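A look at the structure
As a plain string of letters, each chain reads:
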Amino acid sequence: MASPTALHDTVLATFASAFGGAPTLVARAPGRVNLIGEHTDYNDGFVLPAAIGVATLVAARPRADRWIHVTAADFSGATSSFARDEPIAPDAAQPWADYVRGMVSAMRAVGHAIAGVDLAVAGNIPQGSGLSSSASLAVAVGTALSALNGLDLSPTAIALLAQSCECDFVGTRCGIMDQLVSARGRSGHALLIDCRSLACQPVPIPEDMAILIVHSGVVRGLVEGHYNERRASCEAAAAKLGVAALRDADLPLLEDARGHLSTVEHARARHVITENARTLQAAEALRAGDLVSLGELFAASHASMRDDFAITLPPIDALVAELQALIGGSCDGRGGARMTGGGFGGAVVAVVPKDYAAAITHALTYRTPAGAAPLVMVEQAGPGAGLV
Ligand code: GLA
């Protein structure tokens, strides 16, 4: 995986080879790992993600004409072009470019004038891993275009535009977590986000705790259908419970209404209600440096994603079980593991005492479906988006 310096060199080289010369600015937006609070964001609930060290870089230079050209290092320098003042359509041949097209479209829709520009993109977030490579691309584009067009948008405004890019242009009806933590992340901290008010409370990550991210090697395929279906079930359950969002429901209300909900709606709602409670407890446990409680909450979260929300897969359950057993055996239960992100593949997050991170990584026998050792990243919480 490219180091930050190598990534910066790559984006400059990609820019020079496509457009000649140097960019005016380079924007950076990080990926994220969600510690806990899965599928709660679009239910107006709570999440506890952290920005991480891998990121997407966007190099940009204004053009005098009406064209927006974008090229991507990670897609062999493929290019997508569109006019800034005409209706913007998706690019069927270059679907990655839809996060750029969608971002410009979202910015224009709220009245921001966007000038012609040359853009080069390079990233080192493993794609399809549940670490938000797409949200970070949209946030990096927003950060670059805000600066270049003198818009002075706040990180939250950029995050909301990036969410609209994904929901209205790309077609995944995602929540706000990924974009908000990419835009507002803070070094050394997770963010407890209230997804209704968008208030972000930084929660310090204990010095002696390591965050391990283990990629299962199961790449998320075309899961937008599953994702949107989960969201629709949650909305149907909320309507039947008579609340604005599942954030406003509790278990007694859910049990009283059991007869009115389908079995699936009941299970989906139970995940969201219990996950919201776990997320608030996990923020307290993190603040207190209580890795044992955090581990128990991680285990309950994974079980709920597997049994009630049905978004895990057998290889991911096996990887989580192995990590849980290693943590139980070698660190006296200080720490835990769970799948992170939207589900149906991607990465698992584990928290462990720092001194044990290397031993646990070594001891892992899990193999990806292709038979390889999994990619393991030992991450620290890094800063949110900005100009490099
Ligand atoms: C994806 C979405 C987020 C969130 C997570 C699940 O990452 O983009 O909004 O819903 O899934 O927690």
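Quantities reported herein were computed from a predicted structural model and do not represent experimental measurements.

On to the domain arrangement of the chain. It is common to give the size of an interface as the accessible area that goes away when the parts come together. The domain architecture assigned to the chain consists of domain 1 (4-201) and domain 2 (205-379). Computed from C-alpha coordinates alone, the two centres of domain 1 and domain 2 are separated by 26 Å. Each side of the interface is counted separately: domain 1 has 38 residues, and domain 2 has 48 residues. Taking both partners together, domain 1 and domain 2 bury about 3,400 Å²; carbon and sulfur atoms supply 59% of that area. For the pair domain 1 and domain 2, the interface holds four salt bridges. For the salt bridge of D248 with R196, the shortest nitrogen-to-oxygen distance reads 2.8 Å. Counting every contact that joins domain 1 to domain 2 gives 25 residue pairs in polar contact (both at pLDDT 80 or more). Put simply, the parts of the chain that give the side of domain 1 that touches domain 2 at least two residues each are strand 1 (25-34), strand 2 (46-47), strand 3 (49-62) and strand 7 (189-194). Top contributing element to the side of domain 1 that touches domain 2 by residue count: strand 7, with four residues. Residue classes in the side of domain 1 that touches domain 2 are distributed as 14 nonpolar, 17 polar and seven charged.

Right, let's talk about the sheet that holds strand 7 for a bit. Pairing within the open sheet is antiparallel, and its three strands lie in the order 2-7-8. Here the strands that pair on one side only, and so sit at the sheet edges, are strand 2 and strand 8 (200-204). When strand 2 meets strand 7, the two strands line up antiparallel, connected through two bridges. The residue bridging F46 from the neighbouring strand is D194, located in strand 7. Taken strand by strand, helix 5 (residues 177-184) contacts strand 2, strand 7 and strand 8, and its axis lies near 135 degrees from that of strand 7. Sheet strands touched by helix 8 (residues 263-287): strand 2, strand 7 and strand 8. Its angle to strand 8, the strand with the most contacts, is close to 45 degrees.

What counts as what
- Note that residues are indexed from 1 along each chain, following the sequence as it is written.
- This being a predicted model, a pLDDT of at least 70 is required before a residue's local features are given, and a value of 80 or more before pairs of side-chain atoms are given or counted; all residues contribute to the totals for chains, interfaces and linings.
- Excluded from the side-chain calculation are hydrogens and water; included are all heavy atoms of the structure.
- Domains are outlined according to an automatic or database domain assignment.
- The criterion used for residue contact is that any of the two residues' heavy atoms lie within 4.5 Å.
- Once two parts are put together, the accessible area they lose, assessed with a 1.4 Å probe and summed over both, is termed the buried area.
- By convention in these notes, a salt bridge is any Lys or Arg side-chain nitrogen within 4 Å of a carboxyl oxygen on Asp or Glu.
- Polar contacts, as counted here, are pairs of nitrogen or oxygen atoms within 3.5 Å of one another; within protein the pair requires one atom able to donate a hydrogen and one able to accept it, and residues that are adjacent in sequence qualify only if both atoms are side-chain atoms.
- A run of DSSP states H or I qualifies as a helix once it reaches four residues; a run of E qualifies as a strand once it reaches two. Both are numbered from the N-terminal end.
- Amino acids outside the nonpolar list (Ala, Val, Leu, Ile, Met, Phe, Trp, Tyr, Cys, Pro) and the charged list (Asp, Glu, Lys, Arg) are all regarded as polar, and Gly is one of them.
- Here, a strand pair is defined by DSSP locating no fewer than two bridges between the strands.
- Helix axes are fitted to C-alpha atoms over the stretch in contact, other axes to C-alpha atoms as well, and angles between N-to-C directions run from 0 to 180 degrees.

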